[in-house]
Amino acid sequence: MSVTMPPQHPVEDERPTQGKSLTKAAKAKERLTSPWATIAAIVIAVFWTVPTVALFMSSLVPGDRYRRDAWWSVMADGELTFENFGTVLFDSFGDNSTAPPLLQYLFNSIVVTVPSVVFPVVLGLMAAYAFAWIPFRGSNFLFVLIFALQVVPLQLALIPLLRLLGPDNLGLAGEFSGVWIAHTIFALPLAVFLLHNFVAHIPREVLEAARVDGASHTQVFFRIIIPLSLPAVASLAIFQFLWVWNDLLVSAVFGSADTYPLTYPISNLAGDYGASAYLVPPAAFISMIIPLIVFFALQRYFVRGLLAGSTKG
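The structure displayed is predicted, hence computed values, not measured ones.

Next up on the list: the overall build of the chain. Tallying secondary structure elements over the chain gives 15 helices and 0 strands in all. Once local pairs closer than 6 in sequence are excluded, the contacts in the chain between residues at least 24 apart make up 72%. For the chain, the accessible surface area stands at approximately 19700 Å², while carbon and sulfur atoms represent 66% of it.

Once that is clear, we can look at the nonpolar core. Nonpolar side chains tend to gather and get buried jointly when the protein is soluble and globular. If you look at the biggest cluster of nonpolar residues, it comprises 39 residues, and the most contacted ones within it are Val88, Leu125, Leu195, Val199, Val220, Ile225 and Leu262. Of all the secondary-structure elements, those providing two or more residues to this core are helix H4 (83-90), helix H5 (103-133), helix H8 (176-199), helix H9 (204-212), helix H10 (217-228), helix H11 (230-245) and helix H14 (280-297). With 8 residues, H5 is the single largest residue contributor to this core. Contacts of Leu262, omitting those with residues within four sequence positions, involve Leu102, Tyr105, Leu106, Ser109, Trp245 and Ser287.

Moving on, we come to the environment of Val233. Mapped onto the fold, Val233 is located in helix H11. The spatial distance from the C-alpha of Val233 to the C-alpha of Phe198 is 9.5 Å, given a sequence separation of 35 residues. Every residue in contact with Val233, bar those within four places of it in the chain, is listed here: Val121, Leu125 and Leu195.

It is worth spelling out the packing of aromatic side chains at this point. Evaluated as defined, the whole model comprises 17 aromatic pairs. Judged by centre distance (5.9 Å) and plane angle (40°), the rings of Phe131 and Phe136 are tilted. Taken together, the ring pairs in this structure connect Phe131, Phe136, Phe143, Phe147 and Phe193 into an aromatic cluster.

Glancing now at the pattern of salt bridges. This structure, assessed with the given rule, holds 4 salt bridges. For the salt bridge of Asp77 with Arg65, the shortest nitrogen-to-oxygen distance reads 3.0 Å. Here Asp77 is found in the loop between helix H3 (71-76) and H4, whereas its partner Arg65 is found in the loop between helix H2 (35-58) and H3, with 12 residues between them in sequence. Judged by relative accessible area, which is 47%, Asp77 ranks as partly exposed. Assessed through its relative accessible area of 9%, Arg65 is described here as buried. Residue Glu79 pairs with Arg65 through a salt bridge whose shortest N-O separation is 2.9 Å. Placement of the pair is Glu79 in the loop between H3 and H4 and Arg65 in the loop between H2 and H3, with a sequence separation of 14 residues. Counted as one network, the salt bridges with shared partners bring together Arg65, Arg68, Asp69, Asp77 and Glu79.

Moving on: the side chain of Ser229. By secondary structure assignment, the location of Ser229 is in the loop between H10 and H11. Beyond its immediate sequence surroundings of up to four residues, Ser229 is in contact with Leu125, Phe198, Val199 and Ile202.

With that settled, the discussion passes to H4. Along H4, the residues classified as buried are Asn84, Phe85, Thr87, Val88 and Leu89. On its buried face, H4 is in contact with H2, H5 and H14.

Its location among the elements puts Ala54 in helix H2. The class for Ala54 is partly exposed, based on a relative accessible area of 28%. When the C-alpha atoms of Ala54 and Trp71 are compared, they prove to be 8.2 Å apart, with 17 residues separating the residues in sequence.

At 3.6 residues per turn, the α-helix brings residues three or four places apart onto the same side. The first and last C-alpha atoms of H14 sit 27 Å apart over 18 residues, in line with the 26 Å expected at 1.5 Å per residue. Along H14, the residues that are buried comprise Pro281, Pro282, Ala283, Phe285, Ile286, Ser287 and Pro291.

What follows covers the packing of H4 against H14. The interhelical angle for the contact between H4 and H14, taken along N-to-C directions, is 75°, at an axis separation of 9 Å. When the interaxial angle is binned, H4 and H14 end up roughly perpendicular. Here Asn84, Phe85, Val88 and Leu89 of H4 lie close against H14, whose contacting residues are Pro282, Ala283, Phe285 and Ile286. Classifying every residue of the contact of H4 with H14 gives 7 nonpolar, 1 polar and no charged.

With their axes 12 Å apart at the nearest point, H5 and H10 run at an angle of 110° to one another. What the angle tells us is that H5 and H10 run roughly perpendicular. Both H5 and H10 take part in a crossing whose hand is right-handed. Where H5 approaches H10, its residues Leu125, Met126 and Tyr129 are matched on the opposing element by His217, Val220, Phe221, Ile225 and Ile226. Its residues placed into classes, the contact of H5 with H10 shows 7 nonpolar, 1 polar and no charged.

Here His183 shows up in helix H8. The residues touching His183, leaving out its near neighbours within four places in the chain, are Val112, Ser116, Gln240, Trp243, Val244, Asp247, Val250 and Ser251.

So, on to the confidence of the model for the chain. With 82% of its residues at a pLDDT of 70 or more, the chain shows a mean pLDDT of 81. In this model residues 9-15 is a low-confidence stretch, pLDDT under 50, and it forms 0 contacts with partners more than four residues away in sequence or in other chains. Scored below 50 in pLDDT, residues 94-99 makes 15 contacts in the model with residues more than four places away or belonging to other chains.

About the criteria used
- All residue numbers refer to position in the chain's written sequence, counted from 1.
- Only residues with pLDDT of at least 70 are given local features in this predicted model, and only at 80 or more are side-chain atom pairs given and counted; all residues enter the totals for whole chains, interfaces and linings.
- Hydrogen atoms and water are omitted, and side-chain values are computed over all heavy atoms in the structure.
- Segments assigned H or I by DSSP are reported as helices when at least four residues long, segments assigned E as strands when at least two residues long, and all are numbered from the N terminus.
- Contact criterion: two residues are considered in contact whenever any of their non-hydrogen atoms come within 4.5 Å of each other.
- To be clear on the numbers: accessible area is Shrake-Rupley with a 1.4 Å probe, and residue cover counts the displayed protein chains and nothing else.
- We call a set of buried residues a nonpolar core when its members are Ala, Val, Leu, Ile, Met, Phe, Trp, Tyr or Cys and they connect through side-chain atoms within 4.5 Å of each other.
- Burial status follows relative accessibility: with a 1.4 Å probe on protein chains alone, a residue under 20% of its type maximum counts as buried, one over 50% as exposed, and anything between as partly exposed.
- The rule is short: rings of Phe, Tyr and Trp, with Trp giving its six-membered ring, pair when the centres are within 6.5 Å, and they are stacked under 30 degrees, edge-to-face over 60, tilted in between.
- By convention in these notes, a salt bridge is any Lys or Arg side-chain nitrogen within 4 Å of a carboxyl oxygen on Asp or Glu.
- To estimate the expected span of a helix, subtract one from its residue number and multiply by 1.5 Å.
- Simply put, an axis is a line fit to the C-alpha atoms, just over the touching stretch for a helix, and the angle between two N-to-C directions goes from 0 to 180 degrees.
- Roughly parallel here means an angle under 35 degrees, roughly antiparallel means over 145, roughly perpendicular means 65 to 115, and every remaining angle is called oblique.
- All residues other than Ala, Val, Leu, Ile, Met, Phe, Trp, Tyr, Cys, Pro, Asp, Glu, Lys and Arg, Gly among them, are scored as polar; the first ten of these are nonpolar and the last four charged.
- It is the rotation of the near helix from the far one that decides the hand of a crossing: anticlockwise by less than a right angle makes it left-handed, clockwise makes it right-handed.
- pLDDT expresses how confident the predictor is about each individual residue, on a scale running from 0 to 100.

Here it is, written out as structure tokens:
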């Protein structure tokens, strides 16, 4: 008695399936992109890039031609020079300007900005986790109160906070610590609000599984909340970095001559009657370098943070 074996079909190759996936991805990409969108993106990029290029080229114009000729005329004559950058970084500009060299203020800006970004981001993330996943009495009222603090103008809190940090109380005004505390206080309401919206959308199953395994709130925060919140943290860090780096008001009110950031001497760089106005473009371009480095370094996290809420069901 012979047994007839069923015909064996060859194992299907996974390539057709992968090809179908690639085709679907290509179709989705084709639907989301169009020539008009590409043209609009190019136009926007040009409008954003032209002022930066013009600022850089203006910073290369010598002082004796800055008021008389445009940078393209100077470039045609071959007289563009990088000496202005060395002047603003290392020289005192003579008697025509009240601003000292920028190199010492560049260090002050870094010392002011880094802690002023780390403190509100860390405290904001801790508060966001507490409001989102640790139930306690009055949590909703406190969260609404923190959210309402965003509408209070910064200028209204300058004098009360300055008195609190002044020599009659904490004695931190005029020190780096006073500037850090001021920036942290002003940034916390927005930091808590933004990070709470992200942390609250973390799947509950992930946190419940960690608690079943015996994880404490500290372990959950460091092992789950922080890794999953990196896109939102990076987005907030970029905004806070740009705000603090470009700030003049808070640093001037709560700081001193030893703590003033880069924006303070730039505001005085033109000198009397604009005699040193040709030094403003190179100083402004120098102040842009570090924020650009930070933005491009965190760009992928920034994009994830902006799009994080669009994929949650």
